[in-house]
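The lines below spell out each chain.
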Amino acid sequence: MRAAIAVVALLLAGCRDQEPQPPPAPRSLADYLTSIAGTDEANRTLEVAAWKLDEAAWNRIVVATYRGAHADYLRVFDARSPGLVAALASRGAIATRAHFAGDPKLTLGQAQTRWALPVQYPSEVAELDGVALDAVFVRDGDRWRAISGLEHVIRGRAETIDPTCAVHLEAARTGRCAEVGWVLAEAALLGDRARLAHACSLAANLCPR
């Protein structure tokens, strides 16, 4: 009898061992960036290249106004990639924080990327030894991806309509200038000349030159 009980206990233990285990929690952005900072250039280049959002993910994440800008995003991201690879060349302290409008520490690109994301979207930004990595990080499944250089996409679209007006975007980072800059960017991306002209008239007074 005791032998039978022992056999049953072993079988039950074996069944428990074979139960599917939950997948590991996705790595935090800080842990992920720490794992690649200071590695060899080839590895950093591969990782940064993997940050690019494909068109399906782009359209799923950004607000409707920006969905037609995926090709421009890829072009600018490729141009920015060497700088991002270089920014991760040394090992150091990685600090991350939530990405929100009005943060005075945001780069111009990070501030303007906020316009492309839904309200309260859980994006993040990072610094290495106190220096900003000029990108905004978003989750795509279990991977970290990034948006970088979007300010150049916006500026380029605005310049095709009104180069003089597009200059105001250089100051559209925080405050009232950023508020009107958001409108200016949307008008440029939609090709809405009348709305762009109105936003430019406001930016002329609200955005320092």
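Above: the structure in question.
Note that the structure is a prediction, hence the values are computed from the model and not measured.

1. Side note on the state of the cysteines
Disulfides are covalent bonds that connect the sulfur atoms of two cysteines.
Now for step 1: Tallying each qualifying case throughout the model produces two disulfides.
Now for step 2: Sulfur-sulfur distance for the disulfide between Cys165 and Cys200 comes to 1.5 Å. Where Cys165 bonds to Cys200 through sulfur, the torsion about that S-S bond is close to -85°, and the disulfide is left-handed. With a gap of 35 residues between them, Cys165 in helix α8 (residues 163-166) and Cys200 in helix α10 (residues 193-206) connect regions that are remote in the sequence. You'll find Cys165 and Cys200 in the same group, each marked buried.
Now for step 3: One disulfide in the model links Cys177 with Cys207; its S-S distance is 2.1 Å. Residues Cys177 and Cys207 are joined by a disulfide whose S-S torsion is about 105°; by sign, that bridge is right-handed. Here the residue Cys177 occupies a position in helix α9 (residues 175-190), and Cys207 occupies one in the segment after α10, the gap between them amounting to 30 residues.

2. Examining the nonpolar core
Now for step 1: Membership of the largest hydrophobic core comes to 59 residues, with the highest contact counts inside it found for Leu33, Trp51, Trp58, Tyr66, Phe137 and Leu184.
Now for step 2: In terms of residue count, the dominant contributor to this core is α9 (seven residues).
Now for step 3: In contact with Trp58, not counting residues within four places along its chain, are Leu53, Tyr66, Arg67, Ala69, His70, Tyr73, Ile147 and Leu150.

3. Re the packing of aromatic side chains
Now for step 1: For the coordinates displayed, the defined rule picks out three aromatic pairs.
Now for step 2: Between Trp58 and Tyr73, the ring centres sit 4.5 Å apart and the planes meet at 20°, which makes this aromatic pair stacked. You can see Trp58 sitting in helix α4 (residues 55-61) and its partner Tyr73 sitting in helix α5 (residues 70-87), a full 15 residues away along the chain.
Now for step 3: On the basis of relative accessibility, which here comes to 0%, the residue Trp58 falls in the buried class.

4. Brief notes about the layout of surface pockets
Where empty space is left becomes clear once a probe the size of a water molecule has been rolled over the atoms.
Now for step 1: Looking at the largest pocket, its volume works out to about 340 Å³.
Now for step 2: Surrounding the largest pocket, 22 residues form its lining, Ala101, Ala111, Arg114, Trp115 and Trp182 being those nearest its centre.
Now for step 3: Elements supplying a minimum of two residues to the lining of the largest pocket: α6 (108-113) and α9.
Now for step 4: A per-element tally of the lining of the largest pocket places α9 first, with five residues.
Now for step 5: For the lining of the largest pocket, the class distribution of residues is 12 nonpolar, six polar and four charged.

5. Some points on the pattern of salt bridges
Now for step 1: Going through the model one piece at a time under the given rule, you end up with 15 salt bridges.
Now for step 2: Among the ionic pairs, Glu127 bridges to Arg97, the shortest N-O distance being 3.4 Å. With a gap of 30 residues between them, Glu127 in strand β2 (residues 124-128) and Arg97 in strand β1 (residues 94-98) connect regions that are remote in the sequence.
Now for step 3: For Glu127, a relative accessible area of 10% gives the class buried.
Now for step 4: For Arg97, a relative accessible area of 22% puts it in the partly exposed group.
Now for step 5: Between Glu170 and Arg155 there is a salt bridge; the shortest N-O distance is 2.6 Å. With Glu170 in the loop between α8 and α9 and Arg155 in helix α7 (residues 150-161), this residue pair connects regions lying 15 residues apart in the sequence.
Now for step 6: Via salt bridges that share partners, Arg97, Asp103, Lys105 and Glu127 belong to a single interconnected network.

6. Concerning the pairing of strand β3 (residues 131-140)
Now for step 1: Pairing of β2 with β3, which is carried by four bridges, proceeds in the antiparallel orientation. Across the sheet, residue Glu127 finds its bridge partner in β3, namely Ala132.
Now for step 2: Here β2 folds back onto β3, and the loop between the two strands holds two residues, one of which, Asp129, carries a positive phi near 50°.
Now for step 3: As paired strands, β3 and strand β4 (residues 143-147) are joined by five bridges and run antiparallel to one another. Across the sheet, Val136 pairs through a bridge with Ile147, a residue of β4.

Analysis parameters
Residues numbered from 1 in each chain as written. Predicted model: local features only at pLDDT ≥ 70, side-chain atom pairs only at ≥ 80, totals over all residues. Heavy atoms only, no water. Disulfide = S-S within 2.5 Å. Helix = DSSP H or I, 4+ residues; strand = E, 2+ residues; numbered from the N terminus. Buried < 20%, exposed > 50% of the residue type's maximum accessible area, 1.4 Å probe, protein only. Core = buried A, V, L, I, M, F, W, Y, C linked by side-chain atoms within 4.5 Å. Contact = heavy atoms within 4.5 Å. Phe/Tyr/Trp six-rings, centres within 6.5 Å; stacked < 30°, edge-to-face > 60°. 1 Å grid on protein atoms, 1.4 Å probe; cavity = no way out; pocket = protein on both sides within 12 Å on 5 of 7 lines; lining within 4 Å. Points joined across faces, edges and corners; volume = space filled by probe spheres on them. Nonpolar A, V, L, I, M, F, W, Y, C, P; charged D, E, K, R; others polar. Salt bridge = Lys/Arg side-chain N within 4 Å of Asp/Glu carboxyl O. Pairing = 2+ DSSP bridges.

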